[in-house]
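For reference, the chains in residue letters:
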Amino acid sequence: MPRPSAGSHHNDKLHVKKGDNVIVLSGKHKGQTGKVLLALPRDQKVVVEGVNMVTKNVKPSASNPSGGQEQRELALHASKVAVVDPETGKATRIRKAIVDGKKVRVAVASGKNID
């Protein structure tokens, strides 16, 4: 039996994809930008490069015999991020449009293609 996800009322879709440039809209990391490294649609979360960094204690292993501490990113809720407009560099919403028979994502603010 599958576990209920954090965003079970959603249809497991996100407005951002892996590789998108996004800006954080709220929280202590507000204003920081980065690339989406991992999208978790079931939990409605994203991992953004260089944002929400934490220090993790790592046990010694064969690949890392000394162990120690490492910095890594934690997931943010997807509602806290917005896609960066390729023209202005500011946050924008996205819409879908059909261009040459293909569905593409378009920035609402400037009308430029995201994909």
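Computed from a predicted model, the values in this text were never measured in an experiment.

**Description of the overall build of the protein**
Part 1 of the reasoning: For the protein, the helix and strand inventory stands at 0 helices and 10 strands.
Part 2 of the reasoning: When its helices and strands are written in sequence order, the protein yields β-β-β-β-β-β-β-β-β-β.
Part 3 of the reasoning: In terms of overall dimensions, the protein has C-alpha extents of about 55 × 40 × 30 Å along its principal axes.
Part 4 of the reasoning: In the protein, which comprises 115 residues, the proportion classed as buried is 26%.
Part 5 of the reasoning: Excluding contacts between residues fewer than 6 apart, the proportion of contacts in the protein whose partners are at least 24 apart in sequence is 45%.

**Quick word on the environment of Val22**
Part 1 of the reasoning: Position of Val22 relative to the elements: it lies in strand S1 (residues 21-24).
Part 2 of the reasoning: In this structure the C-alpha to C-alpha distance between Val22 and Val36, which are 14 residues apart in sequence, comes to 7.0 Å.
Part 3 of the reasoning: The residues contacting Val22, other than those within four sequence positions of it, are Val16, Gln32, Thr33, Gly34, Val36, Val48, Val81, Ala82, Val83 and Val84.

**Considerations on the UniProt feature "domain: KOW" (unreviewed entry) in the protein**
Part 1 of the reasoning: As recorded in UniProt, the sites labelled "domain: KOW" (unreviewed entry) are residues 15-42.
Part 2 of the reasoning: Note that residues 15-42 is 0% helix and 43% strand, and that its end C-alpha atoms are spaced 13 Å apart.

**Brief notes about the pattern of salt bridges**
Part 1 of the reasoning: Under the definition given, this model contains 3 salt bridges.
Part 2 of the reasoning: In this structure, Asp20 engages Arg105 in a salt bridge whose closest nitrogen and oxygen atoms are separated by 2.8 Å. Here Asp20 is found in the segment before S1, whereas its partner Arg105 is found in strand S10 (residues 102-107), with 85 residues between them in sequence. Each of the two residues, Asp20 as well as Arg105, counts as buried.

**Some remarks on the sheet that holds strand S8 (residues 91-92)**
Part 1 of the reasoning: Ordered in space as S6-S3-S2-S1-S7-S8, the 6 strands form an open sheet in which the pairing is antiparallel. The sheet is open, and its two edges are formed by strand S6 (76-77) and S8, each paired on a single side.
Part 2 of the reasoning: Pairing of S1 with strand S7 (residues 81-84) involves 3 bridges; the strand directions are antiparallel. Pairing of Val22 across the sheet is with Val83, part of S7.

**Let's talk about the pairing of S1**
Part 1 of the reasoning: Alignment of S1 against strand S2 (residues 33-40), held across 3 bridges, turns out to be antiparallel. In the strand pairing of S2, Ile23 is matched with Thr33.

**As for the environment of Gln32**
Part 1 of the reasoning: Relative to the elements of secondary structure, Gln32 occurs in the loop between S1 and S2.
Part 2 of the reasoning: Given the relative accessible area of 34%, Gln32 is considered partly exposed.
Part 3 of the reasoning: The spatial distance from the C-alpha of Gln32 to the C-alpha of Val51 is 7.0 Å, given a sequence separation of 19 residues.
Part 4 of the reasoning: Those residues within four positions of Gln32 in sequence are excluded, and the remaining contacts are Val22, Ile23, Val24, Gly50 and Val51.

**Some words on the environment of Ala82**
Part 1 of the reasoning: Residue position: Ala82 is located in strand S7.
Part 2 of the reasoning: On the basis of relative accessible area, Ala82 is assigned to the buried category, the value being 9%.
Part 3 of the reasoning: It is 6.6 Å that separates the C-alpha atoms of Ala82 and Val24, two residues lying 58 residues apart in sequence.
Part 4 of the reasoning: Look past the residues within four positions of Ala82 in its chain and what remains in contact with it is His15, Asn21, Val22, Ile23, Leu25, Ala91 and Thr92.

The rules behind the values
- Residues numbered from 1 in each chain as written.
- Predicted model: local features only at pLDDT ≥ 70, side-chain atom pairs only at ≥ 80, totals over all residues.
- Heavy atoms only, no water.
- Helix = DSSP H or I, 4+ residues; strand = E, 2+ residues; numbered from the N terminus.
- Buried < 20%, exposed > 50% of the residue type's maximum accessible area, 1.4 Å probe, protein only.
- Contact = heavy atoms within 4.5 Å.
- UniProt positions renumbered as here; feature names shortened; annotations may be inferred.
- Salt bridge = Lys/Arg side-chain N within 4 Å of Asp/Glu carboxyl O.
- Pairing = 2+ DSSP bridges.

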